[in-house]
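Working through the structure, step by step
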Amino acid sequence: HVISHAHYLKTRTKPWLGPQPPSEFTSNSDGKNSIKKRLPPQSLFSKTIALLFSKRSTRTRLASETSIELLGGRALFLGREDIQMGVNETVRDTTHIISGMCQGIFARVGDHSEIEEIAKWADVPVINALSSLWHPTQILAGLLTLHEYAPAFKPPPPKSTAQENKKESKPTVSKLSELPPLTIAYVGDCANVLHDMLVTYPRLGHKMRVAAPLQYRPPKEVMDRVKELGCDEGIEWFEDPELAVRDANVVVTDTWISMGQEAEKAERLKAFEGYQVTEKLCKGAHPDWKFMHCLPRKPDEVDEELYVYLLQVFYGPRSLAFQEAENRKWTTMALFE
Ligand code: CP
Ligand code: NVA
């Protein structure tokens, strides 16, 4: 539901934000400009959403601030250095205060227990904007991106002559493509973004193949949740990344050093040697495989060869990373709606 609503919001709102809004949006039948038509629903009108971020963010912050504004609300960014929480005041006390003055909390925390604590004491809805264990809003952007590229994963249906002759009027809101069952390979560190993939993709009928060094596999509480949701049968585990990417439609990775793990850098770089996503590593993948990454990324985990465009993974034609990043906005907007 969220993905299809995000697609609707994107196709309806995005043309308006460009330099030349299409005429069918800009004028009424009498030719007068109509501001109403360009706006998405003003469902957050006069509401304030607290963005309680104790960690850095580019995409999640931009996605939430810009989408809350488009929905007519106010985003109140509360960074770690801005408020008393964790220094002069407990999480519980700060949560009571925010609940009294704001209508929702979008929280990026360190340890996952902190978002549980916020959710426990809040009187307003709380959405996880990333924790040590999960990154649920990222998977929404991943899904919207896959839906948008679904036609690339299957041959186009044969066109009937009747269809070819039919003069189609340009739809204002395009239809969301159906997603065929995909093989999705993840190569690298098993962290928050992968954890959400593990509890999501198998439930939607996709196969997951994960390659990671044994010591960097997900913690027990994540695997318990994977089993509880019946996702374990849809997941295969590997140590060899070349085996994991075999026949994959999509290859995904994330940074090898997540926020807060900087002290482990040398150890991690050594453990992940051979896990960099490159054309060569993925030679056994589906010929049309696509690359996804939540960002931010480092060149360690994905190749960005500068001089041979077709062989670059990150900046090359296989990469959906920047579309996925933009889709953080439309999916976050749908979620707030
Ligand atoms: N993908 C993502 O969450 O990016 P930020 O950390 O920049 O928000
Ligand atoms: N695994 C990364 C994701 C960033 C969006 C981190 O936690 O830093």
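What comes next concerns the included structure. In this text the structure is predicted, and so the values were computed from the model without any measurement.

1. Re helix H1 (residues 2-17)
The first and last C-alpha atoms of H1 sit 21 Å apart over 16 residues, in line with the 22 Å expected at 1.5 Å per residue. At Thr11, H1 shows its largest kink, close to 25°, and the proline Pro15 lies no more than four residues downstream. Among the residues making up H1, those that are buried are Ile3, Ala6, His7, Leu9 and Lys10. Its buried side turned inward, H1 meets helix H7 (136-148) and helix H14 (321-336).

2. Observations concerning the packing of helix H5 (residues 91-101) against helix H6 (residues 112-121)
Here H5 crosses H6 at 45°, and the two axes come no closer than 9 Å. Between H5 and H6, the interaxial angle falls into the category oblique. In this structure, H5 crosses over H6, and the sense of that crossing is right-handed. Here Val91, Arg92, Thr95 and His96 of H5 come into contact with H6, specifically with Glu114, Glu117, Ile118 and Trp121. Looking at the contact of H5 with H6 residue by residue, the class counts come to three nonpolar, two polar and three charged.

3. Comments concerning the site of ligand 1
Taken together, Ser57, Thr58, Arg59, Thr60, Leu130, Gln138, Cys294, Leu295 and Pro296 make up all the residues around ligand 1. Residue composition of the shell around ligand 1, grouped by class: four nonpolar, four polar and one charged.

4. Observations regarding unusual backbone geometry
In this chain, Leu295 is followed by Pro296 through a cis amide linkage whose omega measures 5°. The backbone of Leu130 shows a phi angle near 130°, a positive value even though the residue is not glycine. If you trace the backbone, Leu130 turns up in the loop between strand S4 (126-128) and H7. The class of Leu130 is buried, set by 26 C-beta atoms lying within 10 Å. Backbone geometry places Leu295, a non-glycine residue, at a positive phi of 65°. The topology assignment puts Leu295 in the loop between strand S9 (290-293) and H14. By the C-beta count within 10 Å, which is 16 here, Leu295 ends up partly exposed.

5. Regarding the sheet that holds strand S8 (residues 250-253)
What the five strands build is an open sheet, ordered S7-S6-S5-S8-S9; its pairing is parallel. The sheet is open, and its two borders are formed by strand S7 (235-238) and S9, each paired with just one other strand. Neighbour-to-neighbour, the strand axes of the sheet open up by a mean angle of 20°, direction not taken into account. Looking at chain direction, strand S5 (residues 183-187) and strand S6 (residues 207-211) are connected through five bridges and run parallel. By the bridge assignment for S6, Ile184 is matched with Met208. Sitting on the sheet, helix H10 (residues 192-200) touches S5, S6 and S7, and the angle it makes with S6 is about 150°.

6. Digging into the sheet that holds strand S2 (residues 74-79)
Spatially, four strands are ordered S2-S1-S3-S4 in an open sheet, and the strand pairing comes out parallel. Each edge of the sheet is formed by a strand with only one pairing partner; in this case those strands are S2 and S4. The sheet shows a mean angle of 20° between the axes of neighbouring strands, direction not considered. Sheet topology note: the strand S3 (residues 104-108)/S4 ladder contains three bridges and is parallel. Across the sheet, the residue bridging to Ile105 is Val126, located in S4.

7. Considering the environment of Gly100
Checked against the element boundaries, Gly100 lands in helix H5. Taking the C-alpha atoms as reference points, Gly100 and Asp123, 23 residues apart in sequence, are found 8.0 Å from one another.

8. Things to note about the packing of H7 against H14
It is at 8 Å that the axes of H7 and H14 come closest, and there the two elements cross at 115°. As far as their axial angle goes, H14 and H7 are roughly perpendicular. Read as a crossing pair, H7 and H14 show a hand that is right-handed. Residue-level contacts link Thr137, Leu140, Ala141, Gly142, Leu144, Thr145 and Glu148 of H7 to Gln323, Glu324, Asn327, Arg328, Trp330, Thr331, Thr332 and Leu335 of H14.

Cut-offs and rules
- Residues numbered from 1 in each chain as written.
- Chains lettered and ligands numbered in written order.
- Predicted model: local features only at pLDDT ≥ 70, side-chain atom pairs only at ≥ 80, totals over all residues.
- Helix = DSSP H or I, 4+ residues; strand = E, 2+ residues; numbered from the N terminus.
- Expected span 1.5 Å × (residues − 1).
- Bend = angle between axes of the 7 residues up to and from the residue.
- Buried ≥ 20, exposed ≤ 12 C-beta atoms within 10 Å, placed from the backbone.
- Contact = placed C-beta atoms within 7 Å.
- Axes fitted to C-alpha atoms, helices over the stretch in contact; angles between N-to-C directions.
- Parallel < 35°, antiparallel > 145°, perpendicular 65-115°, else oblique.
- Left-handed = near helix turned anticlockwise from the far one by under 90°.
- Nonpolar A, V, L, I, M, F, W, Y, C, P; charged D, E, K, R; others polar.
- Near = placed C-beta within 6 Å.
- Pairing = 2+ DSSP bridges.

Note that all results are geometric; they support no functional claim without further evidence.
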